[in-house]
Amino acid sequence: MFTPPNFLDLPPRSVKPRAVGLTHVIDPGAGVLATRDLLASASAHIDIWKVGWGTAYVDSTLAEKIALLVEHDVAVCLGGTLLEIAWAQDKAEECLAWARDTGFTRVEVSRGTVDMSLREKAALVRRATRDFTVLAEVGDKAPGEVLAARTWPREAASDLDAGAALVVTEGRQSGTVGTFDAAGRVRADVVEAVAAAVGVERIVFEAPKASQQAWFVRRFGAEVNLGNVALGDVLSAETLRLGLRSDTAAVVRRDEAGSDTA
């Protein structure tokens with residue numbers, strides 16, 4: 001069994017099951033062997049495993065993957081796109097029943113793909129909370145959303161009032177929409193507006209790029225909730241949290257601290 005070294009002074013990190021400092025990963029359709037390999041090295045650092053888009057609907061190994069994740073105390077979340085499509089076809093009940101029977105314990109409720117009002121979204125959140133812990137996503141999947149700092153706080157508060165446990169800020173796998181501009185830079189006004197409205201501990205910030213993850217760690221600390229982390233970047237994201245990469249390290253060398261007497 002791996003015993004981590006402890007000779008460095010690092011930021012305090014909560015351990016699983018965590019309420020804050022969550023790492024939420026996106027699974028684009030990884031195979032069982034890849035899933036098993038990642039869990040062997042990084043399961044302690046993964047809290048929520050989102051089966052992205054509609055891959056859950058076509059993955060023949062889904063049941064085996066879910067069993068592995070449960071074995072490693074990783075919560076399994078159904079991505080919001082599949083539920084949106086089901087809702088648009090009046091099949092939300094069937095989708096939720098299938099997700100429950102398949103072993104999902106969390107679902108994402110979003111409205112970035114189909115035309116859904118805030119009232120309709122709140123109703124879907126309330127329905128999903130009967131069987132699942134709900135993550136409610138805010139934001140558009142298309143680039144150029146201009147009123148996010150004004151509209152996201154209201155939607156986030158509505159989602160939480162409807163029973164969502166967490167709010168997820170849209171960033172997609174590309175990291176170039178919603179929370180970010182077309183170049184992948186963080187839209188700080190949007191982030192600050194949502195954090196002020198509902199509290200940073202209730203938000204999972206989708207941040208697929210290392211530079212974006214580093215921004216959130218620098219702004220909110222090691223215990224910020226990060227989402228849409230790529231499967232291959234889990235350990236890298238943890239080093240950003242702990243200041244073990246230059247992007248977030250703030251270390252003064254001991255020999256430099258007293259060098260004024262030299």
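Data block above holds the structure.
No experiment lies behind these values; they were computed from the predicted model shown.

What counts and how
- Residues numbered from 1 in each chain as written.
- Predicted model: local features only at pLDDT ≥ 70, side-chain atom pairs only at ≥ 80, totals over all residues.
- Heavy atoms only, no water.
- Buried < 20%, exposed > 50% of the residue type's maximum accessible area, 1.4 Å probe, protein only.
- Helix = DSSP H or I, 4+ residues; strand = E, 2+ residues; numbered from the N terminus.
- Right-handed = clockwise from strand over helix to strand, strands pointing away.
- Pairing = 2+ DSSP bridges.
- Core = buried A, V, L, I, M, F, W, Y, C linked by side-chain atoms within 4.5 Å.
- Salt bridge = Lys/Arg side-chain N within 4 Å of Asp/Glu carboxyl O.
- Contact = heavy atoms within 4.5 Å.
- Axes fitted to C-alpha atoms, helices over the stretch in contact; angles between N-to-C directions.

Colleague: Which residues make up the pairing of strand S7 (residues 203–206), and what are the values?
Modeller: Taken residue by residue, a regular strand's side chains alternate between the two faces of the sheet. Across the two faces of S7 the burial is the same, with Ile-203 and Phe-205 and Val-204 and Glu-206 all buried. Tracing the backbone out of strand S6 (residues 166–169), into helix H8 (residues 188–198) and back to the parallel element S7 gives a crossover that is right-handed. Summarising the sheet, S7 and strand S8 (residues 226–230) pair through two bridges and their orientation is parallel. For Glu-206, the partnering residue across the bridge sits in S8 and is Gly-227. Viewed along the sheet, the connection from S7 through helix H9 (residues 210–220) into S8 turns out right-handed.

Colleague: Let's hear about the nonpolar core: which residues, and what values?
Modeller: In this structure, Ile-46, Trp-49, Leu-78, Phe-104, Val-107, Val-109 and Phe-216 are the most contacted members of the largest nonpolar core, which totals 62 residues. In terms of residues, this core owes the most to one element, H8, which gives five residues. The next biggest cluster of nonpolar side chains, apart from the first, holds seven residues, and it includes Leu-22, Cys-77, Leu-166 and Val-168.

Colleague: Tell me about the pattern of salt bridges, and please be specific about residues and values.
Modeller: Opposite charge on two side chains allows them to pair when their charged atoms are near. With the rule as written, the count across this model stands at 21 salt bridges. Notably, a salt bridge pairs Lys-50 with Glu-206, separated by 3.5 Å at the nearest N-O pair. Note that Lys-50 is positioned in strand S2 (residues 48–51) and Glu-206 in strand S7, a separation of 156 residues in sequence. With respect to burial, Lys-50 and Glu-206 carry one shared label: buried. Residues Asp-181 and Arg-185 are paired through a salt bridge, measuring 2.8 Å at the closest nitrogen-oxygen approach. Using a relative accessible area of 23% as the deciding quantity, one classes Asp-181 as partly exposed. Salt bridges here are not isolated pairs; linked through shared partners, they connect Glu-93, Arg-100, Asp-101, Arg-127 and Asp-131.

Colleague: Tell me what's going on with the environment of Arg-36, and back it up with residues and numbers.
Modeller: With respect to the secondary-structure elements, Arg-36 resides in helix H1 (residues 32–42). When its relative accessible area of 36% is taken as the criterion, Arg-36 is described as partly exposed. With 193 residues separating them in the primary sequence, Arg-36 and Val-229 have C-alpha atoms 17 Å apart. Discounting chain neighbours no more than four positions away, the residues touching Arg-36 are Glu-64 and Leu-68.

Colleague: Quick rundown of the sheet that holds S6? Include the residues and the values.
Modeller: Taken together, the eight strands give a closed barrel; going around it, the order is S1-S2-S3-S4-S5-S6-S7-S8, and neighbouring strands pair in parallel fashion. Geometrically, the sheet is characterised by an average inter-axis angle of 30° between neighbouring strands, direction not taken into account. Direction of pairing for strand S1 (residues 23–27) relative to S8: parallel, over a ladder of three bridges. Bridged to Thr-23 within S8 is Leu-226.

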